[in-house]
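Understanding the architecture of this molecule
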Amino acid sequence: SYNYWRWQVLCEGNYCDLIGSIFTTENVNFGNLSESELKNLRHVIIFADPSKASGFDYFALTLTGIDKNGNMVLIDSFSENKMHKKMIADQIRVWQKQYEVERTFIEVNGEVGKNFYNDCLNNQISVSGWYSKNNKFERIMANYETITNKVIFNDNANNRNFAKQIYTFTQDVEKNKVHDD
């Protein structure tokens with residue numbers, strides 16, 4: 001379980017594998033937010049986790065904001081694994097017009113992310129680069145309590161689909177050949 005893993009790894013300093021599902025229908029929270037509630041969110045951002053979108057790894061795009069209680073709300077998501085990147089850029093434009101987006105972050109760790117970032121800039125899409133450090137699994141697990149207690153998924157078809165991808169997240173993404181979105 002996550003609690004055992006956390007104790008062993010973070011408190012005892014032991015290597016430990018997680019067995020079973022990390023994120024489940026029981027710990028990913030969905031809520032039905034009204035249009036008014038969605039429009040009143042603060043610090044609305046778009047975040048892109050680029051991939052080649054050629055069939056293996058999903059190109060994940062999320063639209064989030066902070067509600068009056070300090071929860072992060074996943075307003076909408078767009079995550080496909082085989083598509084043309086123009087569709088992704090078009091989705092960013094739609095969200096930037098539809099919501100008061102403070103910033104749009106593109107993860108620029110690899111060549112794919114840098115290229116998508118540059119393509120956005122060249123097409124007058126306002127974006128900022130974001131470079132992540134450390135192991136993605138460790139970064140996600142360090143925020144496990146926040147993700148399971150302070151994140152609300154707006155209940156829509158895109159977010160339900162995105163959650164299905166999240167449910168397959170495992171400790172060893174490379175070995176298990178699943179995506180890490």
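About the criteria used
- Residues numbered from 1 in each chain as written.
- Predicted model: local features only at pLDDT ≥ 70, side-chain atom pairs only at ≥ 80, totals over all residues.
- Heavy atoms only, no water.
- Salt bridge = Lys/Arg side-chain N within 4 Å of Asp/Glu carboxyl O.
- Helix = DSSP H or I, 4+ residues; strand = E, 2+ residues; numbered from the N terminus.
- Buried < 20%, exposed > 50% of the residue type's maximum accessible area, 1.4 Å probe, protein only.
- Core = buried A, V, L, I, M, F, W, Y, C linked by side-chain atoms within 4.5 Å.
- Contact = heavy atoms within 4.5 Å.
- Phe/Tyr/Trp six-rings, centres within 6.5 Å; stacked < 30°, edge-to-face > 60°.
- Lys NZ or Arg CZ within 6 Å of the ring centre and 35° of its normal.
- Polar contact = N/O pair within 3.5 Å; in protein donor to acceptor, adjacent residues only side chain to side chain.
- Expected span 1.5 Å × (residues − 1).
- Axes fitted to C-alpha atoms, helices over the stretch in contact; angles between N-to-C directions.
- Parallel < 35°, antiparallel > 145°, perpendicular 65-115°, else oblique.
- Left-handed = near helix turned anticlockwise from the far one by under 90°.

1. Here we look at the pattern of salt bridges
Applying the stated criterion to the full structure yields three salt bridges. For Asp90, the salt bridge identified is with Lys86, shortest N-O distance 2.9 Å. Taken as a pair, Asp90 and Lys86 lie in helix α3 (residues 85-98) at a separation of four residues, close to a single helical turn. Taking relative accessible area as the criterion, Asp90 reaches 28% and is therefore assigned partly exposed.

2. Quick notes on the nonpolar core
Ranked by internal contacts, the top residues of the largest apolar core, which has 25 residues, are Leu61, Leu63, Ile75 and Ile92. Of all the secondary-structure elements, those providing two or more residues to this core are β2 (42-49), β3 (54-66), β4 (72-82), α3 and α4 (111-122). Ranked by the residues each element gives to this core, the list is headed by α3, at four residues. Beyond its immediate sequence surroundings of up to four residues, Ile75 is in contact with Leu38, Leu41, Val44, Leu63, Thr64, Gly65, Tyr99, Asn154, Asn156 and Asn159.

3. What to know about the packing of aromatic side chains
How two aromatic rings sit relative to each other is given by the distance of their centres and the angle of their planes. Counting across every chain of the model gives four aromatic pairs. Arranged with centres 5.1 Å apart and planes meeting at 80°, the rings of Phe47 and Trp130 form a pair that is edge-to-face. Taken together, the residues Phe47 in strand β2 and Trp130 in strand β6 (residues 128-130) connect sequence positions 83 residues apart. For the ring pair Phe59 and Phe116, a centre distance of 4.9 Å and an interplane angle of 70° mean the geometry is edge-to-face. You can see Phe59 sitting in strand β3 and its partner Phe116 sitting in helix α4, a full 57 residues away along the chain. When sorted by exposure, Phe59 lands in the same class as Phe116, which is buried. Over the face of the ring belonging to Tyr99 we find Lys39, whose NZ or CZ atom lies 4.6 Å from the ring centre. A cation over a ring is seen here: Arg160 above Phe30, with NZ or CZ 3.7 Å from the ring centre.

4. Description of the environment of Thr146
Along the chain, Thr146 falls in helix α6 (residues 144-150). For Thr146, a relative accessible area of 42% puts it in the partly exposed group. Each C-alpha atom of the pair Thr146 and Asn71 lies 9.0 Å from the other, and the pair is 75 residues apart in sequence.

5. Comments concerning the side chain of Ser77
Residue placement: Ser77 occurs in strand β4. By relative accessible area, which is 1% here, Ser77 ends up buried. Within the structure, the side chain of Ser77 is placed 3.2 Å from the backbone oxygen of Asn158, a separation counted as a polar contact. Among the polar contacts made by the side chain of Ser77, one reaches the side chain of Asn159 at a distance of 2.7 Å. In contact with Ser77, other than residues within four places in its own chain, are Leu61, Thr62, Trp95, Asn158, Asn159 and Phe162.

6. Here's the deal with α4
Helix length check: α4, at twelve residues, gives a terminal C-alpha distance of 16 Å against a target of 16 Å (1.5 Å per residue), a fit within 8%. Directly beyond the C-terminal end of α4, a positive phi value near 55° is found at Gln124.

7. Topic: the packing of α3 against α4
Working note: a packed helix pair is described by the angle between its axes plus the distance between those axes. Running from N to C, α3 and α4 cross one another at 55°; their axes reach a closest spacing of 11 Å. On the basis of the axis angle, α3 is oblique to α4. The handedness of the crossing between α3 and α4 is right-handed. Counted together, Lys85, Ile88, Ala89 and Ile92 of α3 and Val112, Phe116 and Cys120 of α4 form the full contact between these two elements.

8. Details of the environment of Asp67
Note on placement: Asp67 falls in the loop between β3 and β4. As for Asp67 and Val151, which are separated by 84 residues in sequence, their C-alpha atoms are 10.0 Å apart. The residues contacting Asp67, other than those within four sequence positions of it, are Leu41, Arg42, Val73 and Ile152.

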